[in-house]
Structures are given as structure tokens and as C-alpha cells.
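The lines below spell out each chain.
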Amino acid sequence: MSISSLQTIPFVDLTWQHAPLEEAIGRVISAVITQGDFVLGQALRDFEANFAAACGTSFGVGVGCGTDAIALGLVACGIAPGDEVILPANTFVATLIGVLRTGATPVLVDCDRATALIDLTAAKRAITPRTRAIVPVHLYGQLVSPQGLIDLADRHQLIIFEDAAQAHLAEREGYTAGSIGLGAAFSFYPSKNLGALGDGGMFVTRNAVVANTARSLRNYGAASKYCHTEPQGTNSRLDTLQAAVLNVKLPHLSLWNQTRYALAEHYDRRLAPLAEHGIIPIQNEAGPGHIYHLYVVRITETCPSSRANIQAQLTAAGVQTGVHYPIPCHLQPAFRALGHGLGSLPQAEALSQEILSLPMYPGMTLEQADYVVDAMVEAIMARPPVRRLQGVNS
Ligand SMILES: *Cc1c(COP(=O)(O)O)cnc(C)c1O
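Scoring rules and cut-offs
Residues numbered from 1 in each chain as written. Predicted model: local features only at pLDDT ≥ 70, side-chain atom pairs only at ≥ 80, totals over all residues. Heavy atoms only, no water. 1 Å grid on protein atoms, 1.4 Å probe; cavity = no way out; pocket = protein on both sides within 12 Å on 5 of 7 lines; lining within 4 Å. Points joined across faces, edges and corners; volume = space filled by probe spheres on them. Helix = DSSP H or I, 4+ residues; strand = E, 2+ residues; numbered from the N terminus. Nonpolar A, V, L, I, M, F, W, Y, C, P; charged D, E, K, R; others polar. Domains from an automatic or database assignment. Buried < 20%, exposed > 50% of the residue type's maximum accessible area, 1.4 Å probe, protein only. Pairing = 2+ DSSP bridges. Contact = heavy atoms within 4.5 Å. Polar contact = N/O pair within 3.5 Å; in protein donor to acceptor, adjacent residues only side chain to side chain. Near = heavy atom within 4 Å. Areas by Shrake-Rupley, 256 points an atom, 1.4 Å probe, with all protein chains shown as cover. Sits in = over half its atoms within 2 Å of the grid points. Buried area = accessible area lost by both parts, 1.4 Å probe. Salt bridge = Lys/Arg side-chain N within 4 Å of Asp/Glu carboxyl O. Lys, Arg positive; Asp, Glu negative; His and termini not counted.

Peer 1: Which residues make up empty space enclosed by the protein, and what values go with them?
Peer 2: Summed over the entire model, instances satisfying the criterion amount to two cavities of 30 Å³ or more. Lining the largest cavity are 14 residues, with Asn 90, His 324, Tyr 325, Ser 352 and Ile 355 positioned closest to its centre. By residue number, the principal contributor to the lining of the largest cavity is helix 11 (residues 346-354), which donates three residues. Looking at the lining of the largest cavity residue by residue, the classes come out as 10 nonpolar, four polar and no charged. Taken domain by domain, the lining of the largest cavity gets at least three of its residues from each of domain 1 (16-250) and domain 2 (253-380). What the second largest cavity holds in volume is close to 40 Å³. Lining the second largest cavity are Pro 281, Ile 282, His 290, Tyr 292, Leu 294, Tyr 295 and Val 296.

Peer 1: Go over the pairing of strand 1 (residues 59-63), please, and point to the residues and values.
Peer 2: Moving residue by residue along a regular strand, the side chains alternate between the two faces of the sheet. For strand 1, a buried count of four out of five residues is recorded, marking the element as mostly surrounded by other parts of the structure. In terms of strand pairing, strand 1 meets strand 9 (residues 201-205) through five bridges, oriented antiparallel. Across the sheet, residue Gly 60 finds its bridge partner in strand 9, namely Val 204.

Peer 1: I'd like a rundown of helix 8 (residues 208-217), residues and numbers included.
Peer 2: Residue pairs three or four apart in sequence face the same way in an α-helix, which turns once every 3.6 residues. Taken as a whole, helix 8 has its buried residues at Val 210, Ala 211, Thr 213, Ala 214, Ser 216 and Leu 217. Here the buried face of helix 8 lies against strand 1, helix 4 (66-76), strand 9 and strand 10 (222-224). Measuring from the backbone nitrogen of Val 209 back to the side-chain oxygen at the start of helix 8 gives 2.9 Å, which picks out Asn 207 as the cap.

Peer 1: Residue-level account of the site of the ligand, with values.
Peer 2: Around the ligand, the surrounding shell holds 16 residues, and the nearest of these are Gly 66, Thr 67, Asp 163, Ser 187 and Lys 192. With respect to the ligand, the backbone of Gly 66 contributes an N or O atom lying 2.7 Å from an oxygen atom. Here Ser 187 contributes a side-chain N or O atom positioned 2.6 Å from an oxygen atom of the ligand. When the free accessible area of the ligand is taken as 380 Å², the share hidden by the protein chains comes to 92%. Placement of the ligand is best described as lying within the largest pocket. Those elements that provide at least two residues to the shell around the ligand are helix 4 and helix 5 (93-101). Top contributing element to the shell around the ligand by residue count: helix 4, with three residues.

Peer 1: Help me get a handle on the domain arrangement of the chain, residues and values and all.
Peer 2: What the domain assignment lists for the chain is domain 1 (16-250) and domain 2 (253-380). Taken together, the 38 residues of domain 1 in the interface contact 36 residues of domain 2. Between domain 1 and domain 2, the buried area comes to about 3,500 Å², and carbon and sulfur atoms account for 63% of it. Here domain 1 and domain 2 share two salt bridges between them. Salt-bridge contacts for Arg 113 lead to Glu 354; the nearest nitrogen and oxygen are separated by 2.8 Å. Viewed at the interface, domain 2 and domain 1 are joined by 21 residue pairs in polar contact (both at pLDDT 80 or more). Take the side of domain 1 that touches domain 2: its biggest share by element is four residues, from helix 5.

Peer 1: Explain the layout of surface pockets to me, and be specific about the residues and the numbers.
Peer 2: Approximately 440 Å³ is the volume attributed to the largest pocket. Lining the largest pocket are 28 residues, with Phe 92, Gln 166, Tyr 189, Lys 192 and Tyr 325 positioned closest to its centre. Taken together, the elements giving at least two residues each to the lining of the largest pocket come down to helix 4 and helix 5. Taken domain by domain, the makeup of the lining of the largest pocket includes at least three residues from each of domain 1 (16-250) and domain 2 (253-380).

Peer 1: Provide a residue-level description of the environment of His 168, including the pertinent values.
Peer 2: In this fold, His 168 is placed in the loop between strand 5 (159-163) and strand 6 (171-172). Non-local contacts of His 168, meaning those with residues more than four positions away in its chain, are made with Phe 51, Phe 186, Ser 187, Phe 188, Lys 192, Asn 193, Leu 194, Leu 253, Asn 257 and Ile 291. A polar contact is formed between the side chain of His 168 and the backbone oxygen of Ser 187, at a distance of 2.7 Å.

Peer 1: Please provide a residue-by-residue account of the side chain of Arg 307, values included.
Peer 2: Tracing the chain through its elements places Arg 307 in helix 10 (residues 307-316). The side chain of Arg 307 is buried and forms no salt bridge, while Glu 354, the nearest opposite charge, is found at 8.4 Å. One polar contact links the side chain of Arg 307 to the main-chain carbonyl oxygen of Ser 352, over a distance of 2.8 Å. Among the polar contacts made by the side chain of Arg 307, one reaches the main-chain carbonyl oxygen of Ile 355 at a distance of 2.8 Å. Setting aside anything within four residues of it in sequence, one finds Arg 307 in contact with Ile 299, Val 323, Ser 352, Gln 353, Glu 354, Ile 355 and Leu 356.

In C-alpha cells form, the structure reads like this:
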């Protein structure tokens, strides 16, 4: 198998989804300019209702970014200093930052190597009398088992707070992301499955009191104009402009997610023969409810080529890849004080060394996926480059 003509396959390409919507987006932006309701405007209220309904929950509170949705959402759910909050170590660092901002104590736990999702047995072992909440991360677009979470939370009286920043409309066991717990956080960072034209986020909840507290927290802690009741209040509101754009994009999300799933199935099929060479896609236990924010493979020990080598050869073939994430939270220099050393969370540490994210976005073609797989086969099968001594015998 050889790559006849060099292509460039970006990791993510947003032009395909925006081009057909450009006129509609322009119209709603003009409308907001005409109305002048730039902050907490009508389009925001509409989008909050639309998005919460799409998630199968009751209330949406638009905020400045996903990290704020986690931090303010947890505070609204009653998480406070003295509480312990369980979360996985193999997540984007924003999950941990959000928990730390509440003043609660984060308790990082290990993950399942095959699915990359939080290990609920490890979570159970980490429960103490001070544990108040568990923050599952629906990593790469796959829900952590809702029934598994609910069983654990009910038995130990824990709050479930979902980090659904990578899981817009993901489903499993009859649940939609955002409808499992008391609260959930979403990010609308541009490359997320539903992305704004800049930063944005939303906290969703089924509880009216919690929703009202979150509305107050994002608006300087105000209960009403110039009457401030929440000391942790801040300024973090989803712009009316961004909400207007997201209202245009939301009706297309389900189809975009289906397109990703079809690409993932194609990758799975084409990559299956590489299992004997140690290339193992992250296991999908959610079936068609997985929304593949990222398509990730593990380059395991039996692979004759290293991740660095495969990644370099893919780059040379014009294929952009990523690693999500190369350093687990507990080994980040900023969080050494949490006290987990190297070797303390072995599955998360091993995964961080073996994962590789392949290009995945609606608009990518099956032929492009074939090109990626062909380039991978070449990278694995090619004999390792002969090391030459520079300047000697040449
Ligand atoms: C993107 C992301 C966040 C943070 O969202 P921002 O909008 O970038 O603040 C949090 N958690 C996870 C898992 C994410 O992927």
C-alpha cells in the first residue's frame, strides 16, 4: 500500500459546517445588533431553553466558557470548601480547575484503560464520609454508564455533576448527556461538537432552585438588580451574539454527530486488521450514542513502531493528529501539591503515553479516513529509519 499523491488532512476543519450557514448566521447577528440586547438578551434565553430541552433536562444557564460552567455549576449545586469531589485524572485540566474554584478538595481517580472513562470501582474506593460529588467526564464523546453512576451515587448519597464538554447530545442506556446528574457543564469552544464563534459554555440542571443560583452566580451574584446575595458571584455570561449563532447551529448538531459516527465506524473497520500490530481504538460501549468528539486509538506495547514515530510519519504524510491528553492532571506541574506521584494512577499514566487522536470532523470524507489509515499502515510497516552518522562515510 503506498500513498500515491500527498494530501493534507487537518485535525479539524470548521469551514464545512459554517459555509452553508453563513447567510443565516449573518442574519441573526444583524438582528442582535438591531435589537442591541448584547448581554442576557432574547437569543440567549431562547438558546438556553432549546439546548436544555435537547439534553432532556429543564434549565440552561449560558456562561462564558465550559470551565465557568463547571465552577459556577458546582457551587450552585452546593459544593463548598470541606467537600471532597471525585473526578478522573485523565481529563482536560479544566475539569480539575473547575472543581478547585469551588474551594472543595478534588480527589483524582484512575480510569479504565480500554474506554478511557472513569473507573467506577476506583471511584467507589475513593469515597469517604466527606465525599459530596462525583464528576464523571464523558471523554471523547462517550457517556460514562448512567446506570453505573446512579447506582453508585444513590448508595453513597453523592451528587452527580457531568463534565459533558465533549458530549453534546451523546446517549447511553436511554439517557442523554446532561440529564443524568443534578447538574452538567457544556463547552461551546469552536471545535467542540457544537461550537460558538469564540468561547462559550452552559450549565444545565433539572432543579429550578439550582438554576436560579447559577443565574445569579454568573451575574455578579445578584438576586435582583444591585442586590447581591452570592459571595462567589462573578461576571460570566454567554453573549447574546454567540447564543444567536448557536441557535442557528443547534438544529444541525444531531446530523453532524451522525456523520462523525459513520466516520468512526469506517475507521474501526479499516483499523481492525491493525489490532495484531497493537493498534487498538478506544472501546465504544455506548453504541450509536457515542458522538466521537475525538477518534482516539491506543498504540500499545505490541506495536513495532512508537507513537512519536507514527505521529511524525503521519505529519510527513500531511495528516494532522493530536494527543488528548499527554500529561494526566495529577502529574501537571501546577497540581503537584495534590500529592499524587508518578505511578499513583497507573492506567491514566499508561494511557497518556499510548493515545493518538486521528482527524475527525463532519465534512471529512471516508476517502480521507482511508488516506489516514493507509498512512498509518505505512508508518507501522515501514522499517525504522536507518540511523546514519552524519558526515561519516558520505
Ligand atoms: C473543553 C473542555 C472543558 C473546558 O471548556 P472551555 O469552554 O474550554 O472552558 C472542560 N472539560 C472538558 C473535558 C473539555 O473538553
